[in-house]
Amino acid sequence: MLTLISAERLKWRRTFIPWLLWIAPLFTLLLCMLLMGGRYFQTGAYNWWYTMLLPGALTLVCSLAMQKDAKMKYRALLALPLRPQALWSAKIASVTGWLLAASLLFFAGISSGGWLFGPGIPLMNSAAGSLLIVITFLWQIPLCLFLAARFGLFGAVLINMALNIAGVVTFDIGGLWDFMPYTITFRLMCPVLHILPNGLPVPEGSPLRSMDTVLRDTLVSLAWFAILVFFTARRFRRQEAE
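As the structure is a prediction and not an experimental result, all values here were calculated from the model.

Caption draft 1: Layout of the overall build of the chain. Regarding its fold elements, the chain presents nine helices and zero strands. Helices and strands appear in the chain in the N-to-C order α-α-α-α-α-α-α-α-α. Principal-axis analysis of the C-alpha atoms places the extent of the chain at approximately 55 × 40 × 30 Å. Across the 242 residues of the chain, 48% fall into the buried class. Once local pairs closer than 6 in sequence are excluded, the contacts in the chain between residues at least 24 apart make up 76%. For the chain, the accessible area works out to roughly 12,200 Å², and carbon and sulfur atoms hold 72% of it. A distance of 13 Å separates the average location of the 19 positive side-chain charges in the chain from that of its 9 negative side-chain charges.

Caption draft 2: Quick look at helix α8 (residues 181-193). In this model α8 runs 19 Å from its N-terminal to its C-terminal C-alpha over 13 residues, within 8% of the 18 Å that 1.5 Å per residue would give. Within two residues after α8, His 194 carries a phi angle of roughly 60°, on the positive side.

Caption draft 3: Examining helix α7 (residues 140-170) more closely. Under the 1.5 Å per step criterion, the end-to-end length of α7 is only 18 Å for 31 residues, more than 12% shorter than the ideal 45 Å. By the largest-angle criterion, Phe 151 marks the main kink of α7, which is about 130°.

The rules we used
Residues numbered from 1 in each chain as written. Predicted model: local features only at pLDDT ≥ 70, side-chain atom pairs only at ≥ 80, totals over all residues. Heavy atoms only, no water. Helix = DSSP H or I, 4+ residues; strand = E, 2+ residues; numbered from the N terminus. Buried < 20%, exposed > 50% of the residue type's maximum accessible area, 1.4 Å probe, protein only. Contact = heavy atoms within 4.5 Å. Areas by Shrake-Rupley, 256 points an atom, 1.4 Å probe, with all protein chains shown as cover. Lys, Arg positive; Asp, Glu negative; His and termini not counted. Charge placed at Lys NZ, Arg CZ, Asp CG, Glu CD. Expected span 1.5 Å × (residues − 1). Bend = angle between axes of the 7 residues up to and from the residue.

Just geometry here; none of it tells us what the structure is for.
Structural data, given as structure tokens:
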């Protein structure tokens, strides 16, 4: 598997993916430094990061990761003496590594900004928030890879960003909607970072500050990841017959 992951990462050379690793977190931090600064730097940066810039960058990475193989209609990939599911898993693992690295850069930058401007968010809350963002974004990787393979870069970005925006609007409806993956990250940031998806602080005494559903929502997000890995891998296997 490590060999397959290394092979996938070699395909990223001369693409925009390595640049996005730096541009996505640094642009977020610089934008909020210029627009907000001071005590609102950390809350503003986190809000832009998990609502718009990380979903957009992750969708672009997934689309670009599929682009070279898609141009050849996956013939070179599927001609290898390997199970298609293993190749698909390597793509998911490679993009997961990108997500982890980008999140670490963002966390390092936002922690440094806290020392510079004054901590708006306690360090442990910030670390927990960054970790939860990574975990609750994992399911988007197989989904975005599938969307890119099916609809191309533009279609994948349009669909995923539209659904992320819908998640921002509907995150606190409750009921069965709590199990929709696009709402989970936004809901978890309320008790952990005390930030609403619109960037405002969660009011004191709000039920959204309750930590009771953090474990449940995290497990639901991981379940979505497992489901999407399984079904998208099956769909990729069918490329052999097409």
